[in-house]
Amino acid sequence: MKAIVITSPGGPEVLKIQEVDEPQVKDDEVLIKVEATALNRADTFQRKGVYPPPKGASEYLGLECSGTIEAVGKAVSKWKIGDQVCALLSGGGYAEKVAVPAGQVLPVPPGVSLKDSASLPEVACTVWSTTFMMSRLSAGETFLVHGGSSGIGTFAIQMAKYQGARVFVTAGSDEKLAVCKDLGADVCINYKTEDFVKRVKEETGGKGVDVILDHIGASYLKKNLESLNFDGRLFIIGTMGGSVTEIDLRTLLSRRLTVQSAGLRYRSTENKAVIVSEVEKNVWPAVVAGRVKPVIYKYFPLSEAAEAHQLLESSVHIGKILLVP
């Protein structure tokens, strides 16, 4: 089969399409003929050599895909050959075929095309497991997501609105904020021209928001904590603004704040299966009802993975970028 290979750690130009061996299917796995895969920021870190795949996972890039099941392992009963699915992967999506544990596979939601469903697993599993399963965002609460126009952001806005929250977003241009507003964001903040702490306080009568989903990390930590209400929860899913900083713990003590962090890729197969099952139960109905839609910026052929990575790293995109074999 064809797959994108990282010829050596480096920039987008190191990504080349090559003939490689097809994956072996274990007893608890299914083999998917890939219809599409979606880019994630983590792919760029793996390409640079700083984010290796988990032990035993595919060496190839790609943390999600959609496609048609071509083979099923001996221990798999839920899926059959010919099923149209999308899946959360530990790697291997940038290829014509990928093997994945059966518990990480989801049916394509009615109303979404097979191709476009590739944009859903990573964002759905990330947002549901962090903002809802762990930070317990609930109806009537306020929620701030940084990078509102990203894949995670565009999904989080829609899901939080569906659950009855008031949604705040930050983004770096008026064009991006307009998209966030169309998706349902109530308060849109341009972080380049406004102080988000000040605006959050103004819009909440001085209280702050209940939950924040943040991919920036160190450079935003102090400001995020200042933006939280009593009993507020900050969830960190990335460190694009650095990973080391200092805080005054009295800030946490005085307002009963919670700071949590988690990734998805290094979780156990069992843990991922629990999240995927929760997503099917809680998120898929919102997608089927048309309340949460995939936001896709551009499709590239698999052979143009380098160009797709350049676009992702330019950050001019809104929503997800897909690769189609």
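Since this is a predicted model, take the numbers as computed values, not measurements. (Residues numbered from 1 in each chain as written. Predicted model: local features only at pLDDT ≥ 70, side-chain atom pairs only at ≥ 80, totals over all residues. Heavy atoms only, no water.)

## Points about the sheet that holds strand 13 (residues 258-261)
Operational definition: A pair of strands counts as paired when DSSP detects no fewer than two bridges linking them. Per the convention used, a helix needs a DSSP run of H or I reaching at least four residues, while a strand needs a run of E reaching at least two, with both numbered from the N terminus. Whenever a helix is involved, its axis is fitted only over the stretch in contact; in every case the axis is a line through C-alpha atoms, and angles between N-to-C directions fall within 0 to 180 degrees. Any two residues whose heavy atoms approach within 4.5 Å at even a single point are treated as in contact.
Spatially, the 6 strands line up as an open sheet ordered 10-9-8-11-12-13, and their pairing is parallel. In this open sheet, the two edge strands, each paired with only one partner strand, are strand 10 (187-190) and strand 13. On average, each strand axis in the sheet is tilted by 15° relative to the strand beside it, whichever way the strands run. Pairing of strand 8 (residues 142-146) with strand 11 (residues 209-214) involves 3 bridges; the strand directions are parallel. Considered in strand 11, the bridge of L144 is made with I212. Contacting strand 8, strand 11, strand 12 (228-236) and strand 13, helix 2 (residues 121-134) runs over the sheet at an angle of about 160° to strand 11.

## A closer look at the packing of helix 2 against helix 8 (residues 269-282)
To keep things clear, this is the line we draw: Reported orientations rely on four angle classes, namely roughly parallel under 35 degrees, roughly antiparallel over 145, roughly perpendicular from 65 to 115, and oblique for the rest. Under this grouping Gly is polar, as are all residues other than the nonpolar Ala, Val, Leu, Ile, Met, Phe, Trp, Tyr, Cys and Pro and the charged Asp, Glu, Lys and Arg.
For the pair helix 2 and helix 8, the least separation of the axes is 9 Å and the interaxial angle reads 85°. Here helix 2 is positioned roughly perpendicular relative to helix 8, judged by the angle of their axes. Judged by residue contacts, A124, C125, W128, S129 and M133 of helix 2 engage V274, I275, V276, E278, V279 and N282 from helix 8. For the contact of helix 2 with helix 8, the residue count by class is 8 nonpolar, 2 polar and 1 charged.

## Points about the side chain of N190
Rules: Throughout this description, a polar contact denotes any pair of N or O atoms lying within 3.5 Å of each other; where both atoms belong to protein, one of them has to be capable of donating a hydrogen while the other can accept it, and for residues adjacent in sequence the pair is counted only when both atoms sit in side chains.
Inspection of the secondary structure puts N190 in strand 10. In terms of polar contacts, N190 uses its side chain to reach the backbone amide nitrogen of K192, at 2.9 Å. Ignoring sequence-local partners within four residues, the contact set of N190 consists of A171, G172, S173, D174 and L177.

## Overview of the pattern of salt bridges
A side chain of one charge can pair with a side chain of the opposite charge when the charged atoms of the two come close. Formally: Each reported salt bridge corresponds to a side-chain nitrogen of Lys or Arg within 4 Å of a carboxyl oxygen of Asp or Glu. Working definition: with a 1.4 Å probe on protein chains only, accessible area under 20% of the residue-type maximum means buried, over 50% means exposed, and in between means partly exposed.
By the definition in use, this model includes 20 salt bridges. In this structure, the salt-bridge partner of K80 is D83, at a minimum N-O distance of 3.0 Å. With relative accessibility at 14%, the residue D83 sits in the buried group. R233 is the salt-bridge partner of E141, the closest N and O atoms lying 2.8 Å from each other.

## Things to note about the nonpolar core
The following threshold applies: Buried Ala, Val, Leu, Ile, Met, Phe, Trp, Tyr and Cys residues form a nonpolar core when they are joined through side-chain atoms within 4.5 Å.
Counting residues in hydrophobic clusters, the biggest one holds 39 residues, and the most contacted among them are F143, F155, M159, V169, V279, V283 and W284. The element contributing the most residues to this core is helix 2, with 6 residues.

## Description of the packing of aromatic side chains
Definition in use: Only rings of Phe, Tyr and Trp enter the pairing, Trp through its six-membered ring, and a pair is recorded when the two centres are within 6.5 Å. The plane angle decides the type: under 30 degrees is stacked, over 60 is edge-to-face, the rest tilted.
Across all of its chains, the model carries 3 aromatic pairs by this definition. Here W128 and F132 contribute two aromatic rings whose centre-to-centre distance is 4.7 Å and whose plane-to-plane angle is 15°, an arrangement assigned as stacked. Linking W128 with F132, this pair stays in helix 2, spanning 4 residues, or about one helical turn. Note on F132: relative accessible area 7%, which makes it buried. Ring geometry for F196 versus Y220: centroids 5.0 Å apart, planes at 50°, classification tilted.

## A few points about empty space enclosed by the protein
Put simply, the rule is: Each cavity reported here is a set of points on a 1 Å grid over the protein atoms alone in which a 1.4 Å probe fits but cannot get out, each pocket an open set with protein on both sides within 12 Å along at least five of seven lines, and each lining residue one with an atom within 4 Å of a point. Grid points are joined across faces, edges and corners, and a volume is the space filled by probe spheres set on the points.
Under the definition given, this model contains 2 cavities of 30 Å³ or more. A volume near 50 Å³ is recorded for the largest cavity. Around the largest cavity, the lining residues are S119, L120, V123, G151, T154, F155, Q158, K293, P294, V295 and K320. Ranked by residue count, the leading element in the lining of the largest cavity is helix 3 (residues 151-162), at 4 residues. Along the lines of polarity and charge, the residues of the lining of the largest cavity split into 5 nonpolar, 4 polar and 2 charged. Estimated volume of the second largest cavity: approximately 40 Å³.

Geometric values such as these leave the question of function open.
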